[in-house]
Amino acid sequence: MKQGYLKKTGILCLAIVFLMTAGCGKAKTQEAEENAFNTEAEVIAWEEEEQADNEDDAASEEPDKPAPREVVDGKIRSYFTGEWIDEELGKTRPLAIMLNNTSAALPMSGVSNASVIYECPVEGRITRWMGVFEDWKNLDRIGSVRSCRLYYLHFAQEFHPVYAHFGQAQYALADLNSGKYDVLSGGTKGIEHPATAMYDRISRPGKATEHTLYAFPKGIQRDIEKKGYDMTMPEEYPGKFKFADTGEIAEYQGYPDATVLKPGGDGGKNGFGGVKATFKYDASDRKYYRWTYGNPHTDELNGKQVAVTNVIFQYCDGNVLDAKDYLHFATQSNGNECKVFTNGKEIDGYWKNPGKLGTPARYYDENDQEIVLNNGKTFICIIWNDYKDDVVVQ
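Residues numbered from 1 in each chain as written. Predicted model: local features only at pLDDT ≥ 70, side-chain atom pairs only at ≥ 80, totals over all residues. Heavy atoms only, no water.

Chemist: Before we go on, may I ask you to explain the sheet that holds strand E5 (residues 84–86) in this structure?
Modeler: Sheet strands line up and pair through hydrogen bonds in the backbone, either parallel or antiparallel. The strand order across the open sheet built from three strands is E3-E4-E5, with neighbouring strands paired in antiparallel fashion. Since the sheet does not close on itself, it has two edges, and those belong to strand E3 (71–72) and E5, each with one partner. Here two bridges tie E3 to strand E4 (residues 75–77), and the two strands are oriented antiparallel to one another. By the bridge assignment for E4, Val 71 is matched with Ile 76. (Pairing = 2+ DSSP bridges. Helix = DSSP H or I, 4+ residues; strand = E, 2+ residues; numbered from the N terminus.)

Okay, structure coming up:
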């Protein structure tokens, strides 16, 4: 298996972090801990020889300009599912939005429409979701919406989206206000140019107020227009996944069976164990169904259980930023491990996205061939390398 060394990315606000605070949930101020950072821990040092090799790889592996996608009868293949969708939809930038995964907040609304879902550990050693939506305009609502963590903002850039959140950890504030990213930030303390139309609360008897905030599509559209974001997907976008040809199934005969996936095992401090994250494969429709806290993870709007065609365990280096257990993960790699699950099979390999931040990660098997996913939705679990031994695959 190809090996590589990683460099932490994204902690750009170290010099000013103790001067700033940011709101989370209901815009509560988060105070920086004095001497919270070990700045030496922010970077995993590359050995000089390997660093030079990786820089050469990044330069030599610049992707060719992708061939234009074929349009057939007004349909085009989605970058994110491989499925044929309306041409206009397929040429429009997606929405990436933060979703609340605490037990007190469930069920989510609108999540079954997400083309791609990310799940990462957060403070408290539970997880948070980010849904990447191509088709969101006809939903009643999306949420409940939660706050940004810097690594989610960085992972999101692989999809060239507009990124939406309500609240943020202090470490994300500089990037959110920088103008580098197209963001729809809720009006919490420290946000300079908030989205004002899309967020509102609904009545959820028995739920805390922090679990009642949602994004509403008509307001999303108004905020996008007010900010003047260009929603056209650039033609040079290289895509993130390699999908099987239309009508074909990537069967992976001879590969190990993988029908029950537990990214955090049955507990521990890895984040996934804290929410009892489990995927169960159903051979009748070739999909992995998600369970959380021991129950089917359903969409409140339609009652459907979250189900995806592909699951990816993407192993990342991470570290703890402060005494409040805020975390950060490296979002770029030149050879970290991954496991891809599709058609009830496990394919081991590695992922890489050398180059600038936002370069889409691609996934390769142990023979250096790009892994072919089956057409459909994909769920990506960011596995903290420190807890990789907690992963259970049956």
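Chemist: Would you take a moment to explain the pattern of salt bridges for this structure?
Modeler: Where charged atoms of side chains with opposite charge meet at close range, the side chains can pair. On inspection of all chains with the given rule, the structure shows 19 salt bridges. The salt bridge involving Arg 93 is made with Asp 182; its shortest N-O contact spans 2.8 Å. Note that Arg 93 is positioned in the loop between helix H2 (87–90) and strand E6 (95–99) and Asp 182 in the loop between helix H4 (173–177) and strand E11 (183–185), a separation of 89 residues in sequence. Between Asp 257 and Lys 345 there is a salt bridge whose closest N-O contact spans 2.7 Å. Here Asp 257, found in the loop between strand E14 (242–243) and strand E15 (260–262), pairs with Lys 345, found in strand E24 (residues 345–352); they are 88 residues apart in sequence, far enough to count as distant. Assessed through its relative accessible area of 54%, Asp 257 is described here as exposed. (Salt bridge = Lys/Arg side-chain N within 4 Å of Asp/Glu carboxyl O. Buried < 20%, exposed > 50% of the residue type's maximum accessible area, 1.4 Å probe, protein only.)

Chemist: Mind showing me how you'd approach the sheet that holds strand E13 (residues 213–215) here?
Modeler: Taken together, three strands build an open sheet; the order of strands is E9-E13-E12 and the sheet is antiparallel. Each of the sheet's edge strands pairs with one partner strand only, and the pair in question is strand E9 (142–143) and strand E12 (199–201). Pairing analysis gives two bridges linking E9 to E13, with the strands arranged antiparallel. The residue bridging Gly 143 from the neighbouring strand is Tyr 214, located in E13.

Chemist: Is there a simple way to think about the packing of aromatic side chains in this case?
Modeler: Each aromatic ring pair is summarised here by two numbers: the centre-to-centre distance and the angle between the ring planes. Tallied over the full model, the rule gives 20 aromatic pairs. Aromatic pair Phe 279 and Phe 379: ring centres 4.9 Å apart, planes at 75 degrees, arrangement edge-to-face. Of the two residues, Phe 279 sits in strand E16 (residues 278–282) while Phe 379 sits in strand E27 (residues 378–384), which places them 100 residues apart along the sequence. Taken as a pair, Phe 279 and Phe 379 share a single burial class, namely buried. Taking the centre distance of 5.5 Å and the plane angle of 20 degrees together, the rings of Tyr 350 and Tyr 364 count as stacked. Of the two residues, Tyr 350 is situated in strand E24 and Tyr 364 in strand E25 (residues 362–365); the sequence distance between them amounts to 14 residues. Here the two residues Tyr 350 and Tyr 364 agree in accessibility, since each one is buried. Each residue in the set Tyr 79, Phe 80, Tyr 118, Phe 155, Phe 159 and Tyr 237 is aromatic and connected to the rest through ring pairs, giving one cluster. Taking the ring centre of Trp 291 as reference, the NZ or CZ of Lys 280 above it sits at 4.1 Å. Sitting above the plane of the Tyr 364 ring, Lys 352 keeps its charged end 5.2 Å from the centroid. (Phe/Tyr/Trp six-rings, centres within 6.5 Å; stacked < 30°, edge-to-face > 60°. Lys NZ or Arg CZ within 6 Å of the ring centre and 35° of its normal.)

Chemist: What am I meant to see in the environment of Gln 253 here?
Modeler: Relative to the elements of secondary structure, Gln 253 occurs in the loop between E14 and E15. According to the relative accessible area criterion, Gln 253 is exposed, its value standing at 66%. For the pair formed by Gln 253 and Lys 345, sequence separation is 92 residues and the distance between their alpha carbons is 8.1 Å. A polar side-chain atom of Gln 253 sits 2.8 Å from a polar atom in the side chain of Glu 251. (Polar contact = N/O pair within 3.5 Å; in protein donor to acceptor, adjacent residues only side chain to side chain.)

Chemist: Quick question: what am I supposed to make of the confidence of the model for the protein here?
Modeler: Residues shown with low pLDDT carry predicted positions that ought not to be read at fine detail. Of the residues in the protein, 84% reach a pLDDT of 70 or more, and the chain-wide mean stands at 87. In this model, residues 1–56 is a region of pLDDT below 50 whose contacts with residues beyond four sequence positions or in other chains number 132 contacts. (pLDDT = per-residue confidence, 0-100. Contact = heavy atoms within 4.5 Å.)

Chemist: What should I look at first to understand the pairing of strand E7 (residues 116–122) in this one?
Modeler: It is a general feature of regular strands that their side chains alternate between the two faces of the sheet. The buried fraction of E7 is high, at seven of seven residues. The two faces of E7 match: Val 116, Tyr 118, Cys 120 and Val 122 on one face and Ile 117, Glu 119 and Pro 121 on the other face are all buried. The turn joining E7 and strand E8 (residues 126–133), which pair antiparallel and follow one another in sequence, is formed by three residues; a positive phi near 85 degrees is taken by Gly 124. With four bridges joining them, E7 and E27 adopt parallel strand pairing. From the neighbouring strand, Val 116 faces E27, where its bridge partner is Thr 378.

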